[in-house]
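What follows is the residue order along each chain.
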Amino acid sequence: MKQLTIISGKGGTGKTTVASNFIKLASNQIAVDCDVDAANLHILLEPEIKKEEEFIGGAVAKVTGDCINCGKCEEACRFDAISDSETDIKIDELRCEGCGVCEYICPTDAIELKAEKQGSSFVSETKFCTLVHARLLPGAENSGLLITRIRNTAEDIAGEKNIKLVIIDGAPGIGCPVISSLNGVDATLIVTEPTLSAISDFKKVYEVAKIFDIKVFACINKFDINLENTKEIEEFCSKNNIEVIGKIPYDDKVALTLSRKKFIVDSKDSEAGLEIINMWENIKEYLYSE
Amino acid sequence: MEVVAEGVDGKLIISVASGKGGTGKTTVASNLALSVGYCQFLDYDVEAPNSNFFLKPEIKHVQKVTIKHPYFLTETGADFSACADFCHYNAIAALKDEVIFFPELCHGCGGCKLVGPKGTVREKDVVVGEIRKGPAKPNIDFSMGDLKPGSMRTTSVQNALDKLITKDGLVIIDSPPGTSCAMVFAVKDCDYCILVTEPTPYGLNDLELSVGVLEKLNKPFGVIINRDGIGDNKVEEYCNKNYIQILAKIPNDREIAKYYSRGDSLIDYDSSWKKKFENILKGIEKELQT
């Protein structure tokens, strides 16, 4: 079994467009949407949910007992999550990372760590393959934990059904969700654009991919809006042994096709669609090799 | 440099956010700043900061963001199992003569030092990112956070930015995408949030999610539709149906994409946007007064 994670650094470069079209073109595959706080794979794949599970994330501190307002917890908290008022303390749940230091230090046992539901994970069937996805509640933490969970579920299903390929749609950025999406995969495809912003983020996310010692592919979306920058990306890739599997032209049909809930690879007159098919042909052999 | 926004009474924090990445947050935030001229600007998208390409600040101060990691004086023969038991992030494994520490899992809470045998757990500073600060034209007090690749301490870098927010005038915050903790961190203190989206099914799906976050936090907000004309009318229908104000529509234009790719601003391409952004700010101030 091979696992491929699609990432980008910068958001909106076309991760989900590439991922959903690859899922359509693939065979013997399972899909995972690891962008758990703004998931989009389900929009084209139209899953039918077969199994839903609650996700209880990390705990946060709550004042449940008699606070004597001694201020010890405020002093000990390194996340600036506790502030003092006249009579008692206030815990900012947004800043609280559930470390338990305040609970431990409180002389009157007034603080307790409590875990709450932070989202749900789903196993669904689609026209093409099984999709494992999730929904994080607004503002919830621990997306890394939820990502690890859905990836484990996908790996288990792949093992049981002898599935050869796991296609993972990753999150933007370079932080916890991206790291959790890359841990233990065989390869990553970085989708970038020839803009100063996307190039900067591409280089940062490549630094993260390097930590995992995995095969790195890249593709350049809207490559023709700035040929000079496209050349810079290609040079960076060739210097760093990153295989560029395709260059997708700027094509307004991509958004139009999406709005009709259709796949761009089915649009016979779309140059972008043709290039994504081409990209799939370029990467296929690697993905199905033993 | 102390900058007080002309025309803004007291302090006004505007966060620019979106569920989906790459919809134009940085375009809106940086052009709003350039149009108004006087403000403090903070780039909270510390995993993929890009506003520097458009505001072109002269960086005068660079400050490392650090957290504390423990190290264990195993030569003392002390028993560190209490540290391992306490750690809520499973970053410590205490074996018979050895402690295995997983630095990537450590949040730097200091709990292990607190519960471990006295004097045997020490701490050292570990760099997780950096803050860059300096003036940008015309009169912008610019700060950005930059997470170190491989680190998961996004909110630690954002927290360092929190401490830089000025007491007075207009403050513009460029938020990371998504709806989880990093996005909430960037909108939690704002007086008003501008949500930037695009008229596609992905844009709509993620707009609804980010509206959910803002409603939960009870923040006033409005929407800017970017790449207007590219997909469908469903974002506009959604806003109208839910009485959400559409502050502006930026047209879909390949020329704008070209300007963006080079780090040039929307107001360079079409100077009429300067007035439009000034009016958006006036409208927001008016709405908040009533």
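What you are looking at is a predicted structure, and each value in this text was computed from that prediction instead of being measured.

K.L.:
Explain the pattern of salt bridges here, please?
P.N.:
Working definition: two side chains of opposite charge can pair if their charged atoms are close together. The tally for this structure, following the rule as stated, stands at 33 salt bridges over all chains. Taking the shortest distance from any N to any O, the salt bridge between R78(A) and E123(B) comes out at 2.8 Å. Pair noted here: R78(A) is in the loop between α3 (72-76) and β4 (82-84) and E123(B) is in strand β6 (residues 121-136), and the two residues belong to different chains. Assessed through its relative accessible area of 35%, R78(A) is described here as partly exposed. For K203(A), the salt bridge goes to E232(A), with nearest N and O atoms at 3.4 Å. Placement of the pair is K203(A) in helix α7 (residues 196-211) and E232(A) in helix α8 (residues 227-239), with a sequence separation of 29 residues. With a relative accessible area of 33%, E232(A) lands in the partly exposed category.

K.L.:
I'm lost on the interface of chain A and chain B in this one. Help?
P.N.:
Interfaces are often described in size by the accessible area the parts lose on coming together. Contacts between chain A and chain B engage 59 residues on the former and 66 residues on the latter. Across the chain A to chain B interface the summed buried area is about 5000 Å²; carbon plus sulfur atoms make up 58%. Three residues, D37(A), R78(A) and L94(A), lead the burial of chain A against chain B; their summed loss comes to 12% of the area buried on that side. The interface formed by chain A and chain B holds six salt bridges in total. Residues R95(A) and D162(B) are paired through a salt bridge, measuring 2.4 Å at the closest nitrogen-oxygen approach. Those elements that provide at least two residues to the side of chain A that touches chain B are α1 (15-25), α2 (41-45), α4 (101-105), α6 (176-182), α7 and α9 (253-259) of chain A. With eight residues, the single largest contributor to the side of chain A that touches chain B is α7(A).

K.L.:
What is the right way to read the domain arrangement of chain A from this model?
P.N.:
For chain A, the domain assignment lists domain 1 (2-46 + 126-287) and domain 2 (59-117). Each of domain 1 of chain A and domain 2 of chain A has a C-alpha centre, and these two points are 40 Å apart.

K.L.:
What's the story with unusual backbone geometry in this structure? I'm lost.
P.N.:
Note on backbone geometry: most residues besides glycine have negative phi, and most peptide bonds are trans. In this model, K137(B) is joined to P138(B) through a cis peptide bond whose omega is 0°. The residue P138(B) is located in the loop between β6 and β7 (139-147) in this model. In this model, D80(A) sits at a positive phi of 55°, which is unusual for a non-glycine residue. Structurally, D80(A) is set in the loop between α3 and β4. Note on D80(A): relative accessible area 37%, which makes it partly exposed. Backbone geometry places K222(A), a non-glycine residue, at a positive phi of 50°. Looking at the secondary structure, you find K222(A) in the loop between β10 (215-221) and α8. Judged by relative accessible area, K222(A) falls into the partly exposed class, the value being 21%.

K.L.:
Would you mind showing me how to read the domain arrangement of chain B here?
P.N.:
All names here are of chain B. Domain parsing of chain B yields domain 1 (11-56 + 137-289) and domain 2 (67-127). One C-alpha centre belongs to domain 1, the other to domain 2, and the line joining them spans 40 Å. Opposite the four residues of domain 1 that make contact, domain 2 presents five residues. Interface of domain 1 and domain 2: buried area, both sides summed, is about 370 Å²; carbon and sulfur atoms make up 60% of it. When the buried area of domain 1 at its contact with domain 2 is split by residue, K148, M152 and R153 rank highest and sum to 85% of it. Linking domain 1 to domain 2 there are zero salt bridges. Counting every contact that joins domain 1 to domain 2 gives one residue pair in polar contact (both at pLDDT 80 or more). Residue classes in the side of domain 1 that touches domain 2 are distributed as one nonpolar, one polar and two charged.

K.L.:
It is not clear to me how α7(A) should be interpreted in this structure. Could you clarify?
P.N.:
Along an α-helix, residues three or four positions apart point the same way, because every turn accommodates 3.6 residues. All names here are of chain A. Its 16 residues give α7 an end-to-end C-alpha distance of 24 Å, which sits within 8% of 22 Å, the value for a rise of 1.5 Å per residue. Every buried residue of α7 is listed here: S197, A198, I199, D201, F202, K204, V205, Y206, V208 and A209. D213, located one to two residues past α7, shows a positive phi value of around 55°.

K.L.:
For this particular structure, what's the right way to read the packing of α1(A) against helix α10 (residues 271-287) of chain A?
P.N.:
The angle between the axes and the distance between the axes are what describe a pair of packed helices. Residue and element names in this part refer to chain A. Put simply, α1 and α10 touch, their axes get as near as 10 Å, and they point 65° apart. If you check the angle between α1 and α10, you find them roughly perpendicular. Seen along the crossing, α1 lies across α10 with a hand that is right-handed. The residues of α10 that touch α1, namely those facing T17, V18, N21, F22 and L25, are I276, I277, M279, W280 and I283.

K.L.:
Sorry, what's going on with the sheet that holds strand β2 (residues 29-33) of chain A here?
P.N.:
Strand pairing in a sheet relies on backbone hydrogen bonds, with the paired strands running either antiparallel or parallel. Residue and element names in this part refer to chain A. Taking strand neighbours across the sheet as the criterion, the nine strands line up as β3-β6-β7-β2-β8-β1-β9-β10-β11 in an open arrangement whose pairing is mixed. Both edges of this open sheet fall to β3 (48-63) and β11 (243-248), since each of them pairs with a single strand only. For this sheet, the mean inter-axis angle between neighbouring strands, taken without regard to orientation, is 20°. Of the pairings in the sheet, the one linking β3 to strand β6 (residues 111-125) comprises 13 bridges and is antiparallel in character. Along β6, the bridge assignment pairs K62 with E112. The sheet contacts of α7 involve β1 (2-7), β9 (187-192) and β10, and relative to β9 the element is tilted by about 170°.

K.L.:
Is there a simple way to explain the packing of α7(A) against α8(A) in this structure?
P.N.:
Residue and element names in this part refer to chain A. Close contact between α7 and α8 brings their axes to 10 Å; oriented N to C, the two are set at 10°. Considering the angle they form, α7 stands roughly parallel to α8. Residue-level inspection shows L196, I199, F202, K203 and Y206 of α7 in contact with α8, the latter providing N229, E232, I233, F236 and C237. When grouped by side-chain class, the residues that make up the contact of α7 with α8 number seven nonpolar, one polar and two charged.

K.L.:
How should I be thinking about the pairing of strand β11 (residues 246-251) of chain B in this particular structure?
P.N.:
Residues and elements named next belong to chain B. In the sheet, strand β10 (residues 221-228) pairs with β11 via four bridges, with the strands oriented parallel. Opposite I224, over in β11, you have A248 as the bridge partner. The parallel pair β10 and β11 is bridged by helix α8 (residues 234-241), and the resulting crossover is right-handed.

Conventions used here
Residues numbered from 1 in each chain as written. Chains lettered and ligands numbered in written order. Predicted model: local features only at pLDDT ≥ 70, side-chain atom pairs only at ≥ 80, totals over all residues. Heavy atoms only, no water. Salt bridge = Lys/Arg side-chain N within 4 Å of Asp/Glu carboxyl O. Helix = DSSP H or I, 4+ residues; strand = E, 2+ residues; numbered from the N terminus. Buried < 20%, exposed > 50% of the residue type's maximum accessible area, 1.4 Å probe, protein only. Contact = heavy atoms within 4.5 Å. Buried area = accessible area lost by both parts, 1.4 Å probe. Domains from an automatic or database assignment. Polar contact = N/O pair within 3.5 Å; in protein donor to acceptor, adjacent residues only side chain to side chain. Nonpolar A, V, L, I, M, F, W, Y, C, P; charged D, E, K, R; others polar. Expected span 1.5 Å × (residues − 1). Axes fitted to C-alpha atoms, helices over the stretch in contact; angles between N-to-C directions. Parallel < 35°, antiparallel > 145°, perpendicular 65-115°, else oblique. Left-handed = near helix turned anticlockwise from the far one by under 90°. Pairing = 2+ DSSP bridges. Right-handed = clockwise from strand over helix to strand, strands pointing away.

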